[in-house]
Amino acid sequence: MLHLEAIDSRTTSLQESKPSPSQTSWHTSSPIAPTADPTSPAALSEQIRSIMRLLPHSVVVCTSTHDQAPRAMTMSSFTSLTLSPTPLISFNIATPSRTLDAITQSGHFNIHIMSGDELGVQVADRFTRGNTDDVFEGLDYDASGTDAGTPPLLRGEGVMYALRCRLLRDEPTGGVMRVRDHVIVVGEVVEMIPGSCGKEFGLAYADRKYRQVGRVIARD
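The present account deals with the structure reproduced in this document. (Residues numbered from 1 in each chain as written. Predicted model: local features only at pLDDT ≥ 70, side-chain atom pairs only at ≥ 80, totals over all residues. Heavy atoms only, no water.)

### Focus on the side chain of S90
Line of reasoning, step 1. In this structure, S90 sits in strand β6 (residues 88–94).
Line of reasoning, step 2. There is a polar contact of 3.3 Å between the side chain of S90 and the backbone oxygen of V185. (Helix = DSSP H or I, 4+ residues; strand = E, 2+ residues; numbered from the N terminus. Polar contact = N/O pair within 3.5 Å; in protein donor to acceptor, adjacent residues only side chain to side chain.)

This is how it looks when you write it as structure tokens:
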């Protein structure tokens, strides 16, 4: 599972020696078979990790604000929870996390749906490097409301849609529930904002690689 932030321990190997965004180029290759092998002798936790690598996950970028500073992270645990009576979404974050701190302090965050191509990857991969001072540098985004705690809104190519969200206020957890070394976040969607709005599927991630959804298995 893609769960990327510099201080999230589960993703250290994905962040080592990463070039800067300006040095990185991307291309779409032919299909590549999975490398994960859950049957290899290993601890149960590693076998489960291998199984999860065989399942495609959506890739989104979550932004929030902490003391007027923009925060962001790329994640693949995002999912729709329910649509009625109001739309709720959910994801989990490994702790500690600066983005989680921003979400819990401000109570607001934006979820950005990445396009399933090189443009989407260019934006998503940027936020696998953690919340460095220059992580937003050169990126098209609206920060006009960050002084008031409004999350940054990413714009431009690669961002198909954005969902403005707030922490679910229901008691007893208030939209945040700790489970061991992770925190499950539940948010209420208050607005959908169109972006580049391409007709392709969103960006996916499996077996430690970004993926593009393609073929259909149809009934004969």
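And the narrative resumes.
### Description of helix α4 (residues 118–126)
Line of reasoning, step 1. Among all positions of α4, only G120, V121, V123, A124, D125 and R126 are buried.
Line of reasoning, step 2. The inward-facing, buried residues of α4 contact β3 (60–66), β4 (69–75), β7 (108–114), β9 (153–154), β10 (159–167) and β14 (209–211).
Line of reasoning, step 3. The N-terminus of α4 is capped by D117, whose side-chain oxygen sits 3.1 Å from the backbone nitrogen of L119. (Buried < 20%, exposed > 50% of the residue type's maximum accessible area, 1.4 Å probe, protein only. Contact = heavy atoms within 4.5 Å.)

### Re the packing of aromatic side chains
Where two aromatic rings form a pair, the distance of their centres and the angle of their planes describe that pair.
Line of reasoning, step 1. A full pass over the atoms with the stated rule returns five aromatic pairs.
Line of reasoning, step 2. Ring centres 5.6 Å apart and planes at 85 degrees place the aromatic pair W26 and Y210 in the edge-to-face group. Here W26, found in the loop between α1 (12–15) and α2 (44–53), pairs with Y210, found in strand β14; they are 184 residues apart in sequence, far enough to count as distant.
Line of reasoning, step 3. W26 gets classed as partly exposed once you look at its relative accessible area, which sits at 31%.
Line of reasoning, step 4. Taken together, W26, Y205 and Y210 form an aromatic cluster joined through their ring pairs. (Phe/Tyr/Trp six-rings, centres within 6.5 Å; stacked < 30°, edge-to-face > 60°.)

### Comments concerning the nonpolar core
Line of reasoning, step 1. Within the largest apolar cluster, 20 residues are counted, with the highest numbers of intra-cluster contacts made by F78, F91, I103, F109, I111 and V185.
Line of reasoning, step 2. Contributions of two or more residues to this core are made by β3, β4, β6, α3 (98–106), β7, β10 and β12 (182–194).
Line of reasoning, step 3. Considering every element that reaches this core, the biggest residue donor is β10, with four residues.
Line of reasoning, step 4. Every residue in contact with I103, bar those within four places of it in the chain, is listed here: C62, S64, F91, I93, H108, F109, L167 and V185.
Line of reasoning, step 5. Counting residues in each nonpolar core, the second largest holds 16 residues, with V61, A72, V123 and F127 among its members. (Core = buried A, V, L, I, M, F, W, Y, C linked by side-chain atoms within 4.5 Å.)

### Focus: unusual backbone geometry
Line of reasoning, step 1. In this structure, the amide linkage connecting T95 to the following residue, P96, adopts the cis form with an omega of 0 degrees.
Line of reasoning, step 2. Mapped onto the elements, P96 comes out in the loop between β6 and α3.
Line of reasoning, step 3. Omega for the bond connecting E171 with P172 falls within 30 degrees of zero, at 10 degrees, which places this linkage in the cis form.
Line of reasoning, step 4. Here P172 lies in the loop between β10 and β11 (176–179).
Line of reasoning, step 5. A positive phi is found at R180, a non-glycine position, where the angle reads about 55 degrees.
Line of reasoning, step 6. Relative to the helices and strands, R180 is located in the loop between β11 and β12.
Line of reasoning, step 7. On the accessibility criterion, R180 (79% relative accessible area) is exposed.

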